[in-house]
Amino acid sequence: MAILGKKEELHLYGNYLQGEMPKEIGNLPNLAVLDVSFTYMEGIVPSQLADAKNLKEVYLDNCNFVGRIPNGLCKLNHLSVLSADCLGRNAEVKCDCCTICCQGMPDPKCVEMKKSTDKRGTTKKR
């Protein structure tokens, strides 16, 4: 990860990457775009990803991630796109802040999520 320290965009879309996302991904302070969609990455999305405070776009869809998208990621100030496999009754991940939710086979699709604000000013996904 040290050689990627100044990297602003990391596009790994469609590669044959396997295994878990390294926790050190959060050590990339300049990272603004992370796209690992359509890979064979699996496991839980590490909470350390939220340490990359400049993230604007994160694409985690069409992978084999499980569990919950870390709340810290949802709280990043600059994050405008978060895409994950959070659509449908049997969603692979739970996400409270995804802007795009996808589902895989047998009926693959992605849906842009609408956000609403309650009386307390809290943004919620509908």
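This section reports on the structure supplied with the text.

**Some remarks on the overall build of the chain**
On a plain count of helices and strands, the chain comes out with 1 helix and 12 strands. Ordered by position from N to C terminus, the α and β elements of the chain give β-β-β-β-β-β-α-β-β-β-β-β-β. The proportion of buried residues among the 126 residues of the chain is 37%. Sequence-distant contacts in the chain: of pairs separated by 6 or more residues, those separated by 24 or more amount to 40%. For the chain, the computed accessible surface area is about 7800 Å², with 49% contributed by carbon and sulfur atoms.

**Here we look at the packing of aromatic side chains**
Taken as a whole and judged by the stated rule, the model has 2 aromatic pairs. Taken together, a centroid distance of 6.0 Å and an interplanar angle of 15° make the contact between Tyr-16 and Tyr-40 stacked. With Tyr-16 in the loop between strand S1 (9–11) and strand S2 (18–20) and Tyr-40 in strand S4 (residues 40–44), this pair connects stretches of sequence that are 24 residues apart. The class for Tyr-16 is exposed, based on a relative accessible area of 67%.

**Comments concerning the sheet that holds S2**
Taken together, the 4 strands give an open sheet; going across it, the order is S2-S4-S6-S8, and neighbouring strands pair in parallel fashion. Each of the sheet's edge strands pairs with one partner strand only, and the pair in question is S2 and strand S8 (93–94). Strand direction decides the pairing type here: strand S6 (residues 64–68) and S8, joined by 2 bridges, are parallel. Bridged to Arg-68 within S8 is Lys-94.

**Structural notes on the pairing of S6**
Pairing analysis gives 3 bridges linking S4 to S6, with the strands arranged parallel. Directly across from Gly-43, in S6, lies its bridge partner Phe-65.

**What to know about the sheet that holds S1**
Pairing in this open sheet of 6 strands is mixed, and the strands run S1-S3-S5-S7-S9-S10 from one edge to the other. Each edge of the open sheet is held by one strand with a lone partner, namely S1 and strand S10 (109–112). Neighbouring strand axes in the sheet, compared pairwise and without regard to direction, differ in orientation by 10° on average. The pairing of strand S5 (residues 57–59) with strand S7 (residues 81–84) spans 3 bridges and is classified as parallel. Among the inter-strand pairings, Glu-57 is bridged to a residue of S7, identified as Val-81.

**Describing the pattern of salt bridges**
Scanning the entire structure with this criterion turns up 1 salt bridge. Asp-96 is the partner of Arg-68 in a salt bridge, and the nearest nitrogen-oxygen pair spans 3.3 Å. Residue Arg-68 is located in strand S6, and its partner Asp-96 is located in the loop between S8 and strand S9 (100–103); the two are separated by 28 residues in the primary sequence.

**Some remarks on the state of the cysteines**
As enumerated under the stated definition, the model contains 4 disulfides in all. Each sulfur in the disulfide pair Cys-86 and Cys-101 lies 2.1 Å from the other. In this structure the cystine formed by Cys-86 and Cys-101 twists about its S-S bond by roughly -95°; its chirality is therefore left-handed. Note that Cys-86 is positioned in the loop between S7 and S8 and Cys-101 in strand S9, a separation of 15 residues in sequence. Assigned by exposure class, Cys-86 and Cys-101 land together as buried. Residue Cys-95 pairs covalently with Cys-98 via a disulfide, S to S 2.3 Å. Handedness of the Cys-95-Cys-98 disulfide follows from its S-S torsion of about 105°: it is right-handed. By the burial criterion, Cys-95 is buried, and Cys-98 matches it.

What counts, and at which threshold
- Residues numbered from 1 in each chain as written.
- Predicted model: local features only at pLDDT ≥ 70, side-chain atom pairs only at ≥ 80, totals over all residues.
- Heavy atoms only, no water.
- Helix = DSSP H or I, 4+ residues; strand = E, 2+ residues; numbered from the N terminus.
- Buried < 20%, exposed > 50% of the residue type's maximum accessible area, 1.4 Å probe, protein only.
- Contact = heavy atoms within 4.5 Å.
- Areas by Shrake-Rupley, 256 points an atom, 1.4 Å probe, with all protein chains shown as cover.
- Phe/Tyr/Trp six-rings, centres within 6.5 Å; stacked < 30°, edge-to-face > 60°.
- Pairing = 2+ DSSP bridges.
- Axes fitted to C-alpha atoms, helices over the stretch in contact; angles between N-to-C directions.
- Salt bridge = Lys/Arg side-chain N within 4 Å of Asp/Glu carboxyl O.
- Disulfide = S-S within 2.5 Å.

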